[in-house]
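A closer look at the structure
Here's the letter readout for the chains.
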Amino acid sequence: MTDETSKKIISMFNRHNSDLPQKTEEKIKFFAGFNYVKLKRDTNGKKFVPSQLKKYADKCHYIVSVMREVDGETCLYNYDIKSTELLKFLKAFDNDTLNGTIIEIEKYIPEDLA
């Protein structure tokens, strides 16, 4: 997903959350306790190609910032998590293998230095 698409979706949720009338064709829906927007095409109007989306996802990494109290001090731990391991990492908080408060999850694509 491009930054432009991400900004568009965030803007839609902000409008929805502030109860302003929707000005776009996409509708915010609710399922399993979460709001979502279904996208059928990219920002250029082209249909999504599953193999290309998967290839892009495999390149992504996430920096997950976690706040913890250690010896009376607040510390921030930054984890570098591959996209294929993000759910496993988040589940570790759910089953108390890891603790702390997730502050931010930032996506990045590592530069290929080879």
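In case you missed it, the structure is sitting above this.
1. Observations concerning the packing of aromatic side chains
- Within this structure, the stated rule accounts for two aromatic pairs.
- Taking 5.0 Å as the distance between ring centres and 55 degrees as the angle between the ring planes, the aromatic pair formed by Y79 and F89 counts as tilted. Separated by 10 residues along the polypeptide, Y79 in strand β4 (residues 73-82) and F89 in helix α3 (residues 86-94) bring together distant segments of the chain.
- For Y79, a relative accessible area of 22% translates into the label partly exposed.
- Arranged with centres 5.4 Å apart and planes meeting at 70 degrees, the rings of F89 and F93 form a pair that is edge-to-face. Highlighted residues: F89 and F93, both in helix α3, separated by four residues, approximately one helical turn. Each member of the pair, F89 together with F93, is buried.
- One aromatic cluster is present, formed by Y79, F89 and F93 through successive ring pairs.
- The ring of Y77 is capped by R68, whose NZ or CZ atom sits 4.5 Å from the centre of that ring.

2. Considerations on α3
- Burial in α3 covers these residues: L86, F89, A92 and F93. The buried residues of α3 occupy an angular sector of 120 degrees when the element is viewed end-on, so they sit on one face. Summarising the geometry of α3, the exposed residues directed more than 90 degrees from the buried face are L87, K88, K91 and D94.
- Positioned one or two residues after α3, D96 has a phi angle of 65 degrees, which is positive.

3. Things to note about the sheet that holds strand β3 (residues 61-70)
- Strands sit in the order β4-β3-β5 across an open sheet of three strands; the sheet is antiparallel. This sheet does not close on itself; its edge strands, each paired only once, are β4 and β5 (101-108). Recorded for the sheet is a direction-independent mean angle of 20 degrees between the axes of neighbouring strands.
- α3 rests against β3, β4 and β5 of the sheet, and its axis sits at about 15 degrees to β3.

4. Section: the pairing of strand β2 (residues 34-37)
- With four bridges joining them, strand β1 (residues 28-31) and β2 adopt antiparallel strand pairing. Opposite I28, over in β2, you have V37 as the bridge partner.
- Linking β1 back to β2 in an antiparallel pair, the connection comprises two residues, with A32 at a positive phi of about 55 degrees.

5. Let's talk about the environment of E69
- Tracing the sequence through the fold places E69 in strand β3.
- Residue E69 is classed as exposed on the basis of its relative accessible area of 55%.
- Each C-alpha atom of the pair E69 and G100 lies 7.8 Å from the other, and the pair is 31 residues apart in sequence.
- Only 2.8 Å separates the side chain of E69 from the side chain of T74, close enough to count as a polar contact.

Procedures and definitions
- Residues numbered from 1 in each chain as written.
- Predicted model: local features only at pLDDT ≥ 70, side-chain atom pairs only at ≥ 80, totals over all residues.
- Heavy atoms only, no water.
- Phe/Tyr/Trp six-rings, centres within 6.5 Å; stacked < 30°, edge-to-face > 60°.
- Helix = DSSP H or I, 4+ residues; strand = E, 2+ residues; numbered from the N terminus.
- Buried < 20%, exposed > 50% of the residue type's maximum accessible area, 1.4 Å probe, protein only.
- Lys NZ or Arg CZ within 6 Å of the ring centre and 35° of its normal.
- Arc of directions from axis to C-beta.
- Pairing = 2+ DSSP bridges.
- Axes fitted to C-alpha atoms, helices over the stretch in contact; angles between N-to-C directions.
- Contact = heavy atoms within 4.5 Å.
- Polar contact = N/O pair within 3.5 Å; in protein donor to acceptor, adjacent residues only side chain to side chain.

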